[in-house]
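Listed below are the residues making up each chain.
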Amino acid sequence: MKPARIVFWTVFTLCSLWLESLFPGVDFLAPGLILAMQEEKWTVPVWLGLIWLFLQEGTGSLAFGSGLLWYGTLAGLYFFGHWLFEARNFLFVFILGASLGAMHFLLIAVMLLLQDRSVPLERLLTESAWQALIFPVEWGLIYLFHHHLPDSAHAA
């Protein structure tokens, strides 16, 4: 991997973790995983996914496995969806965002039920809506940044 890409993914990870502290319940790393799956060799998303999985599992308050289900479902939705749509199509990314919003609601509701915990329904709905809305916007922004890296074939 080239140095510009290492810097990009490091800065992206740090900024995403900072944004997650400002917007609890919203995963800002998920659009990066999709971008890595679209743009990089298969090793990059695997390594990034593992690092991010351990970060999410280690900092979260839910039992181990919710992050694994989250990123596994995200990867599954991507692989299933890119057979139907062009992978870089904004409509596809918008559908992924809406699916992740619904998945957030279902996954957190089930995990809370299994752990005998509760969260106000309004908060869970708000987090799910934020996830669905932020995902395509963030993906679009990082897509533009990623394509303007110095070693990118798309850079001007």
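The rules behind the values
Residues numbered from 1 in each chain as written. Predicted model: local features only at pLDDT ≥ 70, side-chain atom pairs only at ≥ 80, totals over all residues. Heavy atoms only, no water. Axes fitted to C-alpha atoms, helices over the stretch in contact; angles between N-to-C directions. Helix = DSSP H or I, 4+ residues; strand = E, 2+ residues; numbered from the N terminus. Parallel < 35°, antiparallel > 145°, perpendicular 65-115°, else oblique. Left-handed = near helix turned anticlockwise from the far one by under 90°. Contact = heavy atoms within 4.5 Å. Nonpolar A, V, L, I, M, F, W, Y, C, P; charged D, E, K, R; others polar. Expected span 1.5 Å × (residues − 1). Bend = angle between axes of the 7 residues up to and from the residue. Core = buried A, V, L, I, M, F, W, Y, C linked by side-chain atoms within 4.5 Å. Buried < 20%, exposed > 50% of the residue type's maximum accessible area, 1.4 Å probe, protein only. pLDDT = per-residue confidence, 0-100. Patch = residues over 30% accessible without salt bridge, like charges linked within 9 Å, V, L, I, M, F, W, Y side chains within 5 Å. Areas by Shrake-Rupley, 256 points an atom, 1.4 Å probe, with all protein chains shown as cover. Salt bridge = Lys/Arg side-chain N within 4 Å of Asp/Glu carboxyl O. Phe/Tyr/Trp six-rings, centres within 6.5 Å; stacked < 30°, edge-to-face > 60°. Arc of directions from axis to C-beta.

What to know about the packing of helix H5 (residues 90-114) against helix H6 (residues 121-147)
Then step 1. Orientation of H5 relative to H6, taken along the N-to-C sense of each, is 155°, at an axis distance of 8 Å. Classified by the angle their axes make, H5 and H6 are roughly antiparallel. For the crossing formed where H5 meets H6, the hand is right-handed. Only Leu121, Leu124, Leu125, Glu127, Ser128, Gln131, Ala132, Phe135, Pro136 and Trp139 of H6 make contact with H5, whose side of the interface consists of Phe90, Val93, Phe94, Leu96, Gly97, Ala98, Leu100, Gly101, His104, Phe105, Ile108 and Ala109.
Then step 2. Grouping the constituent residues of the contact of H5 with H6 by class yields 16 nonpolar, five polar and one charged.

Considering H6
Then step 1. Between its terminal C-alpha atoms H6 stretches 39 Å, which fits the 39 Å expected from 27 residues at 1.5 Å a residue.
Then step 2. Most pronounced at isoleucine 134, the bend in H6 amounts to some 30°, and the proline proline 136 follows within four residues.

Focus: the nonpolar core
A general tendency of soluble globular proteins is for nonpolar side chains to be buried together.
Then step 1. Core analysis: the largest hydrophobic core is formed by 31 residues, its most contacted members being Trp9, Ile34, Trp52, Trp70, Tyr71, Leu74 and Phe135.
Then step 2. Every element with two or more residues in this core is listed here: helix H1 (3-22), helix H2 (30-39), helix H3 (43-59), helix H4 (66-84), H5 and H6.

Describing the side chain of glutamine 131
Then step 1. Mapped onto the secondary structure, glutamine 131 falls in helix H6.
Then step 2. Judged by relative accessible area, glutamine 131 falls into the buried class, the value being 1%.
Then step 3. Excluding its chain neighbours within four sequence positions, the residues that come into contact with glutamine 131 are Gly25, Val26, Asp27, Trp70, Gly97, Leu100 and Gly101.

Some remarks on the packing of H1 against H6
Then step 1. Packing of H1 against H6 brings their axes to within 11 Å, and their N-to-C directions diverge by 155°. Between H1 and H6, the angle falls in the class roughly antiparallel. Crossing geometry of H1 relative to H6 is assigned as right-handed. Across the interface between the two elements, Arg5, Phe8, Trp9, Phe12 and Ser16 of H1 pack against Glu138, Ile142, Phe145 and His146 of H6.
Then step 2. In terms of residue class, the contact of H1 with H6 is made up of five nonpolar, two polar and two charged.

Remarks on the confidence of the model for the chain
Low pLDDT means the predicted coordinates in that region are not meant to be read closely.
Then step 1. Chain-level pLDDT for the chain is 84 on average; 90% of the residues reach the 70-or-more range.
Then step 2. The element-level mean pLDDT for the chain is lowest in H3, coming to 83, with H6 highest at 91.

Observations concerning a nonpolar patch on the surface
Then step 1. The grouping of Trp42, Val46, Trp47, Leu50 and Phe54 at the surface amounts to a nonpolar patch, some 630 Å² of accessible area in total.
Then step 2. Following the sequence through the fold, valine 46 ends up in helix H3.
Then step 3. Note on valine 46: relative accessible area 41%, which makes it partly exposed.

Remarks on the packing of aromatic side chains
Then step 1. Under the defined criterion, the tally for this structure stands at ten aromatic pairs.
Then step 2. An angle of 50° between the planes, with centres 6.0 Å apart, marks the rings of tyrosine 78 and phenylalanine 92 as tilted. Placement of the pair is tyrosine 78 in helix H4 and phenylalanine 92 in helix H5, with a sequence separation of 14 residues. Of the two residues examined, tyrosine 78 and phenylalanine 92, each falls in the buried class.

A word on the environment of glycine 72
Then step 1. For glycine 72, the location among the structural elements is in helix H4.
Then step 2. The exposure class assigned to glycine 72 is partly exposed, which follows from its relative accessible area of 44%.
Then step 3. Remark: the alpha-carbon pair of glycine 72 and glycine 49, spanning 23 residues in sequence, is separated by 9.5 Å.

Here's the deal with H1
Then step 1. With 20 residues, H1 extends 29 Å between its outermost C-alpha atoms, agreeing within 8% with the 28 Å of an ideal straight helix rising 1.5 Å per residue.
Then step 2. Every buried residue of H1 is accounted for by Arg5, Phe8, Trp9, Phe12, Thr13, Ser16 and Glu20. All buried residues of H1 lie within an arc of 130° about the axis, which places them on one face of the element. Exposed and facing more than 90 degrees away from the buried side of H1 are Pro3, Val7, Leu14, Trp18 and Ser21.

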